[in-house]
Amino acid sequence: MMYSLTVFENLINKMWLGVPSQDKMEIRSCLPKLLLAHHKTLPYFIRNKLCKVIVDIGRQDWPMFYHDFFTNILQLIQSPVTTPLGLIMLKTTSEELACPREDLSVARKEELRKLLLDQVQTVLGLLTGILETVWDKHSVTAATPPPSPTSGDSGDLLSNLLQSPSSAKLLNQPIPILDVESEYICSLALECLAHLFSWIPLSASITPSLLTTIFHFARFGCDIRARKMASVNGSSQNCVSGQERGRLGVLAMSCINELMSKNCVPMEFEEYLLRMFQQTFYLLQKITKDNNAHTVKSRLEELDESYIEKFTDFLRLFVSVHLRRIESYSQFPVVEFLTLLFKYTFHQPTHEGYFSCLDIWTLFLDYLTSKIKSRLGDKEAVLNRYEDALVLLLTEVLNRIQFRYNQAQLEELDDETLDDDQTEWQRYLRQSLEVVAKVMELLPTHAFSTLFPVLQDNLEVYLGLQQFIVTSGSGHRLNITAENDCRRLHCSLRDLSSLLQAVGRLAEYFIGDVFAARFSDALTVVERLVKVTLYGSQIKLYNIETAVPSVLKPDLIDVHAQSLAALQAYSHWLAQYCSEAHRQNTQQFVTLISTTMDAVTPLISTKVQDKLLLSACHLLVSLATTVRPVFLISIPAVQKVFNRITDASAQRLVNKAQVLVCRALSNILLLPWPNLPENEQQWPVRSINHASLISALSRDYRNLKPSAVAPQRKMPLDDTKVIIHQTLSVLEDIVENISGESTKSRQICYQSLQESVQVSLALFPAFIHQSDVTDEMLSFFLTLFRGLRVQMGVPFTEQIIQTFLNMFTREQLAESILHEGSTGCRVVEKFLKILQVVVQEPGQVFKPFLPSIIALCMEQVYPIIAERPSPDVKAELFELLFRTLHHNWRYFFKSTVLASVQRGIAEEQMENEPQFSAIMQAFGQSFLQPDIHLFKQNLFYLETLNTKQKLYHKKIFRTAMLFQFVNVLLQVLVHKSHDLLQEEIGIAIYNMASVDFDGFFAAFLPEFLTSCDGVDANQKSVLGRNFKMDRDLPSFTQNVHRLVNDLRYYRLCNDSLPPGTVKL
């Protein structure tokens, strides 16, 4: 039977036009009869499929040939025996006709929506009637409820939330207990409503009585008592289980959320909205009501998870979409609402639920912040209104991240598995700290005075560990062994680590305009942090033996690392202090920096764990780059680091740390000191020091000879590769970090690097077949070109480009792209990126290379990759072509001043036309390929060239290419191959057509339609007539999408006709 129905479905959707009318009548009459006769006995999936097939017929033939299609559905709903069937038909009709998925003509889609909208009022009336009838019928049996513990609900808040006592009374009625049949009917009716609400506009047809009824059903989700009664009575009656009842609540909340998600609210509907909010908050109060038998949390745990989810969605929609609208109603108590939301948030039974609620608070805090920014005059009034709520929120969120208050829940969080680059615990902490930071922005003094004492408490414990350290045979040991003490220490260390992150997160609120006002608070924090980092480094807590090494050792390392990271977060504050201190030359600042360096230096060692080592390196980089104190280089601790790094016998740090330390040392010597004139910068001395630093770092590398790859080499190839990798990663990083700095810094940097660069160029040809080495070398050259091309000078730069162009022959490119996999492709991509930098260079210096660069692209690279389905290299190649055109437009179009004055008479001279045509053809070809990213990128490039350089208006484009491009883009829309880009394609077609609208309407469109296969002459003329001659963007793109839609529809119809059909 399923197979037969699928055949029918195919027949109706794909071939209906060609079915003889007699057969159609028979199908229209026999399928509904079959459904009526067997709907009770058929398996549900076959019954649903049969309903869908009947609705498909309605979609094609109602009302013209199937006039009673909708009336039949209404009759089914009204007859008690077939109500469920009618509701299934109604929901299917709403799904299939309101937003039809199959191809229909645009006119038919519009007609169907209009027909359905005409029926909305009747349908909503019927559905309201069904739900009310079931409710009233069952309410009678529950009229004398047992005395309930919650009957005192209608107290305090309700009087604020609901003006009329009658509605409070209504909502306080006990919930009826439904039989299975009624529950089924109600769930179908609510499913229908949810789908109808997804597309009908908010209007008077959604009546107050309908809304109230939906809310009655929403109570099914949050009434535990009714569930328990149901389970007690379940044995004797045909009752619905608690789970099923919960489902009605979920469906009712889905209906409410559909209405809530509509941003555009007509004036007359606002009243209804207010009523909806009041009723939902009644439910929220019911959920969070704290009576003796239940704590709120256990009540939430008993509710259906999806109900809680829907309820949270409702609260999110309320805050994000409607709060600004509702807040102005004097009768809506926002502060009381926040109280309820607070209870709801902090009693969530699951972590996901809690995260979702934190998101709602974040939305609320963003709303408050933007409200205050737009009405600065009322700032105090707004803050006073919400201050208590925000302080409560802050305190509770801080408690939630501390093991001291919340150990059981925090222990459950996973801190090992990475998901989106963070563990569950890191996500929990990050989201909580975002809320803390947003409150800090609104109430800085409150937030600081709440957080700092908590941090102090935990710091006392940490700083007090020193007294428990004893010296044992093998080193130092922490003499805390009792299980309970170890557990308490573990919790305290974890909390300290979290609070240090919190303090670091707040650093941005002490700088800028408020620096002076909040100076003493910030200084207190920074001094504490410096003290803690020094303490950790001096007593070497990271190397200490503990009773529970697997737990306490990571804790101690983490606290140490977090204290360094928190101090690093204050580097912008230190920089501001540095410029203030420069004026007053305070000893206090000097002490802060040198003590910090005393804390950092001992950690820069191979004996220290990576986590701690990297934190120390990052702090050092921030001091060197952001703070830049003049005296940094003269601090003994810093000189110690210099000696360690330049000492050839010292053991090398892990690569990441080595790169960071070298970056810091290089920046200390290269970056200009703030607030000092040029003549006090001591450039000569710094230049000599920098040269010796780089010389020491590249010692082994500069000794490599091109023959190092030859078979009779002295050193194994792998060792050579290690030297290349280690040296280039350091040098590349140094160049990258200096690239945006002053000319003087870049000059010194290049002088120091010059020899290494020449060695690299000499080595390059020798390693051309080792793609991993070539990849690193090209990365280095790419960074040089981006940052130091001016310093390298023209002759040497030309030599580099020429070397590369000679090395990358057609054979070499083919080998890299086709045979060396991803590394080979990366090499070619880096090479193309270097050329992108070259073609963007203003001035005439590199213009002589343009012909060979274009030739390389079009004659060597493009033929290799054009036919490959893989996207490798393509994106970079097209970016290079785009940059070549964009930055060298006059290479193709010689625009003289005279020509631009006489625009319209003299066309611009065109040069290098074959190359321009070849590039445009490559762009055109790329639109025929399935890769959507490339398509989007290239469409954007063409549009940019048109905006900036009037590409579509150029004679060569207008006459030879314009309508070819339009044709390709239209075909792409017809084939639905790049549907995600419909809008962008429509706009591009408009921009191309607008160059010559007359040509488009008079010549292109008729020609396009003539060339379309699968449609007859009459259909073509209809398509042409329906394309109105509008010249504004919205109407034009609408016409394009209509043309594409109807063309597909006609093809579908014609394919369905039997061969030899005479078309009138």
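Note that the structure is predicted; figures quoted are calculated from it, not measured.

Attention shifts here to the overall build of the chain. Within the chain one finds 49 helices and four strands. Oriented by its inertia axes, the alpha-carbon framework of the chain measures out at about 95 × 85 × 60 Å. For the chain, the residues scored as buried account for 54% of the 1064 residues in total. At a minimum sequence separation of 6, the contacts of the chain that also span at least 24 residues come to 76%. For the chain, the computed accessible surface area is about 47000 Å², with 53% contributed by carbon and sulfur atoms. Mean positive and mean negative side-chain charge positions of the chain (100 and 113 charges, respectively) differ by 1 Å.

Moving on, we come to the packing of helix α45 (residues 962-975) against helix α47 (residues 997-1011). Two elements in contact, α45 and α47, have axes separated by 11 Å at closest approach and are oriented at 50°. In terms of orientation, α45 and α47 fall into the oblique class. For the pair α45 and α47, the sense of crossing is right-handed. Here F963, V966, N967, L970 and Q971 of α45 come into contact with α47, specifically with G999, F1000, F1004 and F1008. When its residues are assigned to classes, the contact of α45 with α47 shows six nonpolar, three polar and no charged.

Turning next to the packing of aromatic side chains. The final tally for this structure, using the stated rule, is 69 aromatic pairs. With 6.0 Å between their ring centres and 50° between their planes, Y307 and F311 make a pair best called tilted. Of this pair, Y307 and F311 both sit in helix α15 (residues 305-326), four residues apart, which is roughly one turn of that helix. Judged by relative accessible area, which is 0%, Y307 ranks as buried. Between Y891 and F892, the aromatic rings sit 5.0 Å apart at their centres with planes inclined by 85°, giving edge-to-face as the arrangement. Ring-pair connections join several aromatic residues into one group, and the members of that group are F963, Y990, F997, F1000, F1001, F1004, F1008, F1027 and F1036. We note R494 situated over the ring of W425; from NZ or CZ to the ring centre the distance is 4.9 Å. Sitting above the plane of the W673 ring, R686 keeps its charged end 3.9 Å from the centroid.

Of note, D304 is situated in the loop between α14 (296-302) and α15. Between the C-alpha atom of D304 and that of G249, which follows or precedes it by 55 residues, the distance is 9.0 Å. Within polar-contact distance, the side chain of D304 engages the backbone nitrogen of S306 at 2.8 Å.

What follows is about a nonpolar patch on the surface. Nonpolar side chains collect at one region of the surface, where M2, Y44 and F45 lie side by side and expose about 330 Å² of accessible area between them. Structurally, F45 is set in helix α3 (residues 44-61). Accessibility expressed as a relative area gives 43% for F45, which makes it partly exposed.

Let's shift gears to the side chain of Q812. Checked against the element boundaries, Q812 lands in helix α36 (residues 810-819). With relative accessibility at 6%, the residue Q812 sits in the buried group. The residues touching Q812, leaving out its near neighbours within four places in the chain, are I768, H769 and M807.

This paragraph deals with the packing of helix α22 (residues 483-505) against helix α24 (residues 549-569). Remark: α22 packs on α24, axes separated minimally by 9 Å, with the N-to-C direction vectors making an angle of 15°. As judged from the angle between their axes, α22 and α24 are roughly parallel. Where α22 crosses over α24, the handedness of that crossing is left-handed. Residue-level contacts link C486, L489, H490, L493, R494, L496, S497, L500, Q501 and G504 of α22 to V551, L552, D555, L556, D558, V559, Q562, S563, A566 and A569 of α24.

For the bond running from W62 to P63, omega is 0°, close enough to zero to count as cis. Tracing the sequence through the fold places P63 in the loop between α3 and α4 (69-78). Even without being a glycine, V873 presents a positive backbone phi close to 70°. Mapped onto the fold, V873 is located in the loop between α38 (850-865) and α39 (874-887). Phi at N912 takes a positive value of approximately 50°, unusual for a residue other than glycine.

For the rest of this paragraph, the subject is the pattern of salt bridges. As a working rule, side chains carrying opposite charge can pair if their charged atoms are close by. Evaluated as defined, the whole model comprises 35 salt bridges. For the salt bridge of K52 with E9, the shortest nitrogen-to-oxygen distance reads 2.9 Å. With a gap of 43 residues between them, K52 in helix α3 and E9 in helix α1 (residues 2-14) connect regions that are remote in the sequence. Note on E9: relative accessible area 14%, which makes it buried. Taken together, the shared-partner salt bridges connect E9, K49, K52, D56, R59 and E96 into one network.

Turning to the environment of V382, a few remarks are in order. Looking at where V382 falls in the secondary structure, it is placed in helix α18 (residues 379-400). On the accessibility criterion, V382 (8% relative accessible area) is buried. For the pair V382 and L763, spaced 381 residues apart in sequence, the C-alpha separation works out to 68 Å. Excluding residues that lie within four positions of it along the chain, V382 makes contacts with L368, K371, I372 and R375.

Turning our eyes to something else, we now look at α1. Its 13 residues place the ends of α1 18 Å apart at the C-alpha level, agreeing with the 18 Å of an ideal helix rising 1.5 Å per residue. Buried within α1 we find L5, E9, I12 and N13. Buried residues in α1, looked at end-on, bunch into an arc of 90°, giving them a common side. Contact partners of the buried residues in α1: α3 and α49 (1033-1056).

Cut-off values and rules
- Residues numbered from 1 in each chain as written.
- Predicted model: local features only at pLDDT ≥ 70, side-chain atom pairs only at ≥ 80, totals over all residues.
- Heavy atoms only, no water.
- Helix = DSSP H or I, 4+ residues; strand = E, 2+ residues; numbered from the N terminus.
- Buried < 20%, exposed > 50% of the residue type's maximum accessible area, 1.4 Å probe, protein only.
- Contact = heavy atoms within 4.5 Å.
- Areas by Shrake-Rupley, 256 points an atom, 1.4 Å probe, with all protein chains shown as cover.
- Lys, Arg positive; Asp, Glu negative; His and termini not counted.
- Charge placed at Lys NZ, Arg CZ, Asp CG, Glu CD.
- Axes fitted to C-alpha atoms, helices over the stretch in contact; angles between N-to-C directions.
- Parallel < 35°, antiparallel > 145°, perpendicular 65-115°, else oblique.
- Left-handed = near helix turned anticlockwise from the far one by under 90°.
- Nonpolar A, V, L, I, M, F, W, Y, C, P; charged D, E, K, R; others polar.
- Phe/Tyr/Trp six-rings, centres within 6.5 Å; stacked < 30°, edge-to-face > 60°.
- Lys NZ or Arg CZ within 6 Å of the ring centre and 35° of its normal.
- Polar contact = N/O pair within 3.5 Å; in protein donor to acceptor, adjacent residues only side chain to side chain.
- Patch = residues over 30% accessible without salt bridge, like charges linked within 9 Å, V, L, I, M, F, W, Y side chains within 5 Å.
- Salt bridge = Lys/Arg side-chain N within 4 Å of Asp/Glu carboxyl O.
- Expected span 1.5 Å × (residues − 1).
- Arc of directions from axis to C-beta.

Purely geometric stuff here, so don't read any function into it on its own.
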